[in-house]
Amino acid sequence: MAGTKFGFFDANVRSINLDVETPETIEGVLHREPSLLKCIGCGNCAAMCTAGHFTDLRFYRLNLYLKRGLVNEIRKEAQNCMLCGKCQLTCPRGVNIRHAILLMSSIRP
Amino acid sequence: MNQYHPFILPFFIGFLAMLVILFVRYALWFRGFSKENRKRIAVGLFTTQTLLAIKEVGAEALLHLKIYRTNPVLGFMHMSLAFGWFLLILGGKLESWYFTGDFTNPVWYAIFLRYFEPDSTHLMYHGVFLFFMELALLMVLVGVALAFTKRLKKSILRIKNTTRHNFGNKMALYALWLIFPLRLLAESVTTAAHGGGGFLTASVGVLIPQSWAVESELYFWWAYSWSLGLFFLALPFSRYLHIPTEMVLIFLRRWKIEPASGFNPDKGLQAFEVHSCPGCGVCLDVCPAINKTEIAFQSAYFVNQVRRGNGYEQTSGMCLNCGQCDEVCPVGINLENLRHQTRSKIFNQASFNHSWMPGSMVFWRETTEVVLFTGCMGRLNPQTTLAVKNLLNEAGVSFIHMDEEESICCGRPMMLAGAAESAKKMMDRNRENILAYHSKVLVTTCPICYKIFKDEYNLEIPVLHHSEYLWQLIDEGKIVREKSALQLAYHDPCDLGRGSSCYEPPRKVIDSVGQLQTLSRQREKSLCCGNNLGSLSLSENERQNITANTLKVLTLDNPDVVVTACPMCKKTLQRQSQVKVTDLAELLWETHPSNSLKFSKKIEKSRFLAEVK
Ligand code: SF4
Ligand code: SF4
Ligand code: SF4
Ligand code: SF4
């Protein structure tokens, strides 16, 4: 657990194990919404998001979580979305964010 | 008088089998009705609705008037097949009654009457019967020929036909093609053998040598009987199940059966709806996305997939929910609802939690004329919001902009995704927030919000789209504009037009400042901008194809400005348009005498940019 000190915190030490295959659930999401691979992490989606104003939801981060297989974080944040679509309209890469969030919030551990 | 021959057996067995199977299937579907719905049937059965339903069955299931109105050739094909066959059955029964004086003669006797009674010259009026029957036969034959060419043309033109034919479909189709030509042959051969016959069979009969006809007559009757039997046997397992089911559906609808929630294509109303679709394809031509996507997802295919039980997972998420197919479907299937229920099944694992939503803690409540709600998409169109505010000020109307700060989504996008429960929570919170203000009317600039406010919110105050409210202000003389020579093309947003039947107010507003153009697809037939929130999974490329096509229609007559009344449509069209795209509120504000000079400069600039491009 990262400990909070003086307004900043240490991230957990993590390693990426390339021997472990990408879990099927994650492959499934990417397969059903391939536009996720086009995201450039510009952050427009989070800047527009009302839910993100009140909660931790940041879509570009969800996308990173997905690729890292952080299923629990995804579920915790994705459930705040209203599917309103503001993010999608501002996305310069045409990512189908609403569909992606529906798929993400359907992931079961 | 002999009324039996073994050759009738294939027909008779197939016919009986069909009746039994249909009865069992319908009984199972009926069991899926809720208690309330069963009560509705019991009550409705003895009202005039039942009579009206019978009339409708005649008009739609036999004459197919609705299909005829949208596509005369297709309508004629369906009409000649269904109505012609009906006339043959009716005429056969009457004729056999006339012959025997006994109404209760066996079913097959009427069907194969010409075999049992080849020569009817000894009877009065026999010519009338003959003429009538052969006219009906000719009508059906024309229908069959049309159906045959339609299929042939499709394969020649290589139209992608994703409706894969299963075994039942194929068997029924081939049998259906054969039935009537075989009937013609059998009757003609009998005529050649024994004389008699009407204008059709007699003229074919002349070509057949009599000795051969006497010998081979029976083979043709056997073949005719087999084709009938196979068709009836295959019917409950093929798409032709739509013929009887459509009729039942008409009654159910007249009895005001309510759709149940949930995805149940084998239960209750949904089962009857899904199995009523004849695949007529009327929904294909009108769909804004037809031939613009990699996979065809239109209702004709979608309903078929639901019926088959696979493939719909992908296609249901692609549809834009523009409502165009709902508008034209001659069977009146509630396609939008079917899609929502399908989505609710596909995403039934998705869970949302909106406990973060801001509440309605208001310490000071102002009483005001208008509560203005601009919605999520309004946040991306500050220009439109500003224009509306300026106009309200110009007219001297007091208002409160309730979602100036962060706001909650109206819930419709959530509903379109099939998550009705979560949508309901958002709606409840929004309702509280809206009613926390004391106002006379709620005005929204977003058709998406407008539709759900009107249909689902049950607010105590009237809900108006800004086009309606602005027109009211113009009508009352609170906003005054001079009509200019500007050429204006109006794009009907799906949720405002087809969704909420609001066609006139925006047109009147536009007409008061300029010249409204007539478009090839407008009002009920207008095309979706390509970005309706109903679609979950269309790719960016596919959306752009749709937008490009819509823009083509909008700009055909070189308008100065394309006007719309939806922030989503505006943004979407704007991205790809060479012509200036604007909301009608902006148009109205910019044509204010103090702004009009600036406005014409803006139009000039956008024209110049388009030329440079
Ligand atoms: S706006 Fe689009 S490209 Fe930018 S971070 Fe969000 S999803 Fe990625
Ligand atoms: S759809 Fe979800 S992620 Fe996108 S802006 Fe709306 S609430 Fe935020
Ligand atoms: S959904 Fe309606 S319009 Fe489309 S094929 Fe079926 S019956 Fe025809
Ligand atoms: S709702 Fe619109 S996009 Fe969807 S299938 Fe019907 S016509 Fe096509």
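See the structure above.
Owing to the predicted nature of the structure, the values given are computational and were not obtained by experimental measurement.

What follows deals with the sheet that holds strand 5 (residues 487-491) of chain B. Residues and elements named next belong to chain B. Judged by pairing direction, the sheet is parallel, and its four strands sit side by side in the order 6-5-7-8 without closing on themselves. Where the open sheet ends on each side, the last strands, each with one partner, are strand 6 (515-516) and strand 8 (580-583). Examined bridge by bridge, strand 7 (residues 561-564) and strand 8 share four bridges and lie parallel to one another. Counted as the bridge partner of Val561 is Lys580 from strand 8. Relative to strand 5, helix 25 (residues 504-511) is tilted by about 165 degrees, and along the sheet it contacts strand 5, strand 6 and strand 7.

With that out of the way, let us pick up the packing of aromatic side chains. Residue and element names in this part refer to chain B. If you walk through the whole model with that rule in mind, you get 39 aromatic pairs over all chains. Judged by centre distance (6.3 Å) and plane angle (15 degrees), the rings of Phe7 and Phe116 are stacked. Linking Phe7 in the segment before helix 1 (9-31) with Phe116 in helix 7 (residues 113-116), this pair joins segments that are 109 residues apart in sequence. You can call Phe7 buried: its relative accessible area is 0%.

With that settled, consider the site of ligand 2. Surrounding ligand 2, one finds Cys49(A), Ala51(A), Leu57(A), Cys81(A), Met82(A), Leu83(A), Cys84(A), Gly85(A), Lys86(A), Cys87(A) and Ile101(A). In the shell around ligand 2, the residues fall into nine nonpolar, one polar and one charged.

Attention now goes to the interface of chain B and chain A. Between chain B and chain A, the residue contacts involve 35 residues of the former and 31 residues of the latter. Summed over both partners, the interface of chain B with chain A comes to about 2800 Å²; 62% of that surface belongs to carbon and sulfur atoms. If you sort the residues of chain B by the area they bury against chain A, Trp356(B), Leu380(B) and Glu406(B) come out on top, with a joint share of 22%. Here chain B and chain A share zero salt bridges between them. Our count for the chain B to chain A interface comes out at eight residue pairs in polar contact (both at pLDDT 80 or more). At the level of elements, helix 19 (375-379), helix 21 (412-416), helix 26 (540-554) and helix 27 (567-576) of chain B are the ones that each hand at least two residues to the side of chain B that touches chain A.

Here we come to the pairing of strand 8 of chain B. Here is the key point about a regular strand: its side chains alternate between the two faces of the sheet. Burial of strand 8 of chain B is two-sided: the residues Lys580(B) and Thr582(B) facing one way and the residues Val581(B) and Asp583(B) facing the other way are all buried. The parallel pair strand 7 of chain B and strand 8 of chain B is bridged by helix 27 of chain B, and the resulting crossover is right-handed.

Conventions and cut-offs
- Residues numbered from 1 in each chain as written.
- Chains lettered and ligands numbered in written order.
- Predicted model: local features only at pLDDT ≥ 70, side-chain atom pairs only at ≥ 80, totals over all residues.
- Heavy atoms only, no water.
- Pairing = 2+ DSSP bridges.
- Helix = DSSP H or I, 4+ residues; strand = E, 2+ residues; numbered from the N terminus.
- Contact = heavy atoms within 4.5 Å.
- Axes fitted to C-alpha atoms, helices over the stretch in contact; angles between N-to-C directions.
- Phe/Tyr/Trp six-rings, centres within 6.5 Å; stacked < 30°, edge-to-face > 60°.
- Buried < 20%, exposed > 50% of the residue type's maximum accessible area, 1.4 Å probe, protein only.
- Near = heavy atom within 4 Å.
- Nonpolar A, V, L, I, M, F, W, Y, C, P; charged D, E, K, R; others polar.
- Buried area = accessible area lost by both parts, 1.4 Å probe.
- Salt bridge = Lys/Arg side-chain N within 4 Å of Asp/Glu carboxyl O.
- Polar contact = N/O pair within 3.5 Å; in protein donor to acceptor, adjacent residues only side chain to side chain.
- Right-handed = clockwise from strand over helix to strand, strands pointing away.

Function cannot be read off these values alone, since they describe shape.
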